[in-house]
Amino acid sequence: MSELVLTLLRLSFLVLIWLLVIVAILVLRRDLRAPRDARMVVPARGGAAAAPGKAPKPVKAKPAKAPKTGVRSLVVTEGPLAGTVIPLGASDVTIGRAPDSTLVLDDDYASNNHARISLSGSTWVVTDLGSTNGTWVGRSRITGPTPLTVGEQLKVGRTVLELRK
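Here we summarise the structure given alongside this text. Just so we're clear, the structure is a prediction, and the values are computed from it rather than from any experiment. (Residues numbered from 1 in each chain as written. Predicted model: local features only at pLDDT ≥ 70, side-chain atom pairs only at ≥ 80, totals over all residues. Heavy atoms only, no water.)

**Describing the nonpolar core**
Then step 1. Formed by 21 residues in total, the largest nonpolar core has its most connected members in Leu74, Ile95, Ile117, Val126, Leu154 and Leu161.
Then step 2. Residue assignment for this core shows that the elements contributing at least two residues are β1 (73-78), β3 (93-96), β5 (115-120), β6 (123-128), β10 (153-156) and β11 (159-164).
Then step 3. Aside from chain neighbours lying at most four places away, what touches Leu74 is Thr84, Val85, Ile86, Leu88, Val93, Ile117, Leu161, Glu162 and Leu163. (Core = buried A, V, L, I, M, F, W, Y, C linked by side-chain atoms within 4.5 Å. Buried < 20%, exposed > 50% of the residue type's maximum accessible area, 1.4 Å probe, protein only. Helix = DSSP H or I, 4+ residues; strand = E, 2+ residues; numbered from the N terminus. Contact = heavy atoms within 4.5 Å.)

The following block contains the structure:
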């Protein structure tokens, strides 16, 4: 090959590398700015969007009525969040590393959406959401929706939880 062809190949390779670096920087910049850009705009009373600098008045939400199961809370007994108490109501409790989970775990052995605890009739049921390392009730890995009893250990990654009255 001639010297000119080699020089053109080198320059085109250099341009390609710089384009990849610029694209990577733009993607990182977009991902780091996403939480600020994704703020919710609450409509004002007239139907128009509220002014960006003015915070809307907080609305007092009525607490959901607790089901009559006798179980009032989910307690983390082992792991980095030991002592955390999650009050149980009518809504599901999601467990995982995802920021929108009810119980957010900073654990390499937990999946983003690891497990869900929901009320089925008068029984609390845990469901594995396709996690890699599994969800354990007692010493058994669960494969489908499994009822939980008071005091029974639920293990997600390195975190152990219990239902309490």
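**Description of the pairing of β6**
Then step 1. Across the six residues of β6, five count as buried, placing the element largely inside the fold.
Then step 2. Here β5 pairs with β6 via six bridges, running antiparallel. Bridge pairing links Arg116 to Thr127 in β6.
Then step 3. Pairing geometry for β6 and strand β9 (residues 146-148), over three bridges, is antiparallel. Across the sheet, residue Val126 finds its bridge partner in β9, namely Thr146. (Pairing = 2+ DSSP bridges.)

**Here we look at the sheet that holds β5**
Then step 1. Strand order in this open sheet of five strands is β4-β3-β5-β6-β9, and the pairing throughout is mixed. The open sheet has two free edges, formed respectively by β4 (103-104) and β9, since each of these has just one partner strand.
Then step 2. Where β3 lies against β5, three bridges are found, and the strand directions are antiparallel. Each residue of the ladder has a partner; that of Val93, found in β5, is Ile117.

**A short note on the sheet that holds β11**
Paired through backbone hydrogen bonds, the strands of a sheet run either parallel or antiparallel to each other.
Then step 1. Within the open sheet, the six strands sit side by side as β2-β1-β11-β10-β7-β8. Their pairing is antiparallel. Two strands bound the open sheet, and with one partner strand each, they are β2 (85-87) and β8 (140-141).
Then step 2. Here strand β7 (residues 135-137) runs beside β10; their pairing, made up of three bridges, is antiparallel. Among the inter-strand pairings, Trp136 is bridged to a residue of β10, identified as Lys155.

**Some words on the environment of Asn112**
Then step 1. Tracing the backbone shows Asn112 in the loop between β4 and β5.
Then step 2. Residue classification places Asn112 among the partly exposed positions, given a relative accessible area of 42%.
Then step 3. Sequence separation of Asn112 and Arg97 is 15 residues, and the distance between their C-alpha atoms is 4.2 Å.
Then step 4. Other than its neighbours up to four places away in sequence, Asn112 contacts Ile95, Gly96, Arg97, Ala98 and Ser101.

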